[in-house]
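# Coordinate analysis (summary)
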Amino acid sequence: MRRAARVHELFLGYACNERCLFCSQEFAWRRQPFTPFAEAARRQWLAYKAGARVLVLNGGEPTLHEGLTRLVALARKTGYPEVHIQTNGLRLAEPGYAGELAAAGLTMARFSMHGPGAELHDAQVQVPGAFAKAWAGLENLRARGVAVGVNVVLNRMNAPRLRETCAWFLDRGVTDLGLIFPLYEGDMAFYGDRVALSMADAAAAVRDAFEEFRARGAEPPFLLNMPPCVLPGYEGRILRWSGDSAALYDGAKSLLVDPEAYRLDRPEGGKGLAEAAAEQKSKPASCARCVYAARCLGVADRYLERFGAAELAPLARVPAPFSRGWKGVKGWRRVLTPREHAALRGSR
Ligand code: SF4
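What this report covers is the structure whose coordinates are included nearby. (Residues numbered from 1 in each chain as written. Predicted model: local features only at pLDDT ≥ 70, side-chain atom pairs only at ≥ 80, totals over all residues.)

## Describing the environment of Leu 120
Tracing the sequence through the fold places Leu 120 in helix H4 (residues 118–125). Residue class for Leu 120 comes out partly exposed when judged on the 17 C-beta atoms lying within 10 Å of it. The sequence separation of Leu 120 and Asn 158 amounts to 38 residues, and the corresponding C-alpha distance is 7.1 Å. Each residue touching Leu 120, except ones within four places of it in the same chain, is listed here: Gly 115, Met 157, Asn 158 and Arg 161. (Helix = DSSP H or I, 4+ residues; strand = E, 2+ residues; numbered from the N terminus. Buried ≥ 20, exposed ≤ 12 C-beta atoms within 10 Å, placed from the backbone. Contact = placed C-beta atoms within 7 Å.)

In C-alpha cells, the structure reads:
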C-alpha cells in the first residue's frame, strides 16, 4: 500500500463573504484579522520541513486573503506537489483571479455548494448571485487544469433535494462530492430553527442520493460527521467516525489521507486530525452494546443536547456494505479498515 502524504491544513482566518445559515464558525470570529502573509508563509514552510507534502489553505474564505496567490506560488516553489483550497467560490468567478491562482500552481479546489441551482443555494448562504459565481469559479479553475470537488452541507432546506443536487453536479462532470452533516455550533446553533436536520432525516436523504450514483455506476460521495448506526453499511464512505478512518482522497493519484499524518493549523493553535475528530463527542451508555463500541468516536455533544440519543441504535453485528451488488466498486476510494490502517502505519 502506498504511504500517505502528510497534509497540513492552514487556516488563514475566519473572515468570509457569505453568511451560511449552517456555518459552524461563530459570526464574531470574522472580525479577527487574517494571519499576515509572512506568518502564513513561515507556517507552511515549517510544515514542509516537518514532512508535509499536501498544503490545504482554508478559512473562513481563503480567497479573501490578499496574499493567497503568493502563498500558493511560494508553497509550490518550496516543493509542495499538492496545494489545495476550500472555498465558497465567489471571488473565483473573476477569470483573472482564477487564472492567477492556477498559474501560481494551485492543484485542487473544493467548492461549498448546497443545492442544484441559485434559488436554494443563495437562500442558504444569504448572498444573492452566489450560486452563479461559485459555478463560474469552478469552471474557471477546471478550464485551467485545476482539480475540483464540491462539498454539500446537509440541512433541512436542501435535504429534500439532495439527490437532485448530486445529479446536477454529475451531469456537469463534477464527480468528487462530499456530503457533510453540520455541527450544531456557531451560526448553525443560532439559525437551528430554520435549518436543523436530524441524522435520521439526513440518512434518508443520503440513501436516496446514493441511488443516483448506483443508477449511473458512479463512485458515491464521502460522508462526514455521522456515525455508522444511522447509516449501517456506509462505514466505508464515512470519514472520521473512528480514530483510524482515513480515505484515498485523490483517486487519480491514489493519494492516501491518514488522520495521523494530517495536521490542522488554526490561528489559535494546531492539532492532529484524529485528535480533532474525537473532540466534543460522546457516546450514550447504550453504545456499549454496539459492535463498533471500541472504534466509534460517538456523536457531537451539541447534537445530543438538541436531538437526544434515540436515533443511535446499537449495531449487533457489522452490517453488510451498502455497495453489495453495485457495479464498478473496485476502483473506489474508501475509508480504510483497521487492518489496512495498521499495515499503513507499519510501512512508515
Ligand atoms: S458506538 Fe454508538 S454512536 Fe457509534 S455506531 Fe454504535 S450506537 Fe452509533
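The structure having been displayed, the exposition proceeds.
## A few points about the site of the ligand
Around the ligand there are 14 residues in total, and Pro 227, Cys 229, Cys 287, Cys 290 and Cys 296 lie nearest to it. Across the shell around the ligand, the residue classes break down as 12 nonpolar, 1 polar and 1 charged. (Near = placed C-beta within 6 Å. Nonpolar A, V, L, I, M, F, W, Y, C, P; charged D, E, K, R; others polar.)

## Here's the deal with the nonpolar core
In terms of nonpolar packing, the biggest core is built from 92 residues, with Leu 55, Leu 154, Ala 202, Leu 223 and Met 226 touching the most fellow members. The element best represented in this core is helix H9 (residues 199–216), accounting for 7 residues. Excluding anything up to four places from it in sequence, Met 226 contacts Phe 181, Met 199, Ala 202, Leu 231, Ile 238 and Trp 241. (Core = buried A, V, L, I, M, F, W, Y, C linked by C-beta atoms within 7 Å.)

## A few points about helix H3 (residues 95–104)
Among the residues of H3, those classed as buried are Ala 98, Leu 101 and Ala 102. Axial view of H3: buried residues confined to an arc of 100°, hence all on one face. The exposed set on the far side of H3, more than 90 degrees from its buried face, consists of Gly 96 and Ala 103. Among the residues trailing H3, Gly 105 stands out with phi positive, at a value near 115°. (Arc of directions from axis to C-beta.)

## Describing the packing of H3 against helix H5 (residues 130–143)
Where H3 meets H5, the closest approach of the two axes is 9 Å, and the angle between their N-to-C directions is 40°. In terms of orientation, H3 lies oblique with respect to H5. Considering the relative orientation of H3 and H5, their crossing is right-handed. Here H3 contributes Pro 95, Ala 98 and Ala 102 to the contact with H5, which in turn contributes Gly 137, Asn 140 and Leu 141. Of the residues contributing to the contact of H3 with H5, the split by class is 4 nonpolar, 2 polar and no charged. (Axes fitted to C-alpha atoms, helices over the stretch in contact; angles between N-to-C directions. Parallel < 35°, antiparallel > 145°, perpendicular 65-115°, else oblique. Left-handed = near helix turned anticlockwise from the far one by under 90°.)

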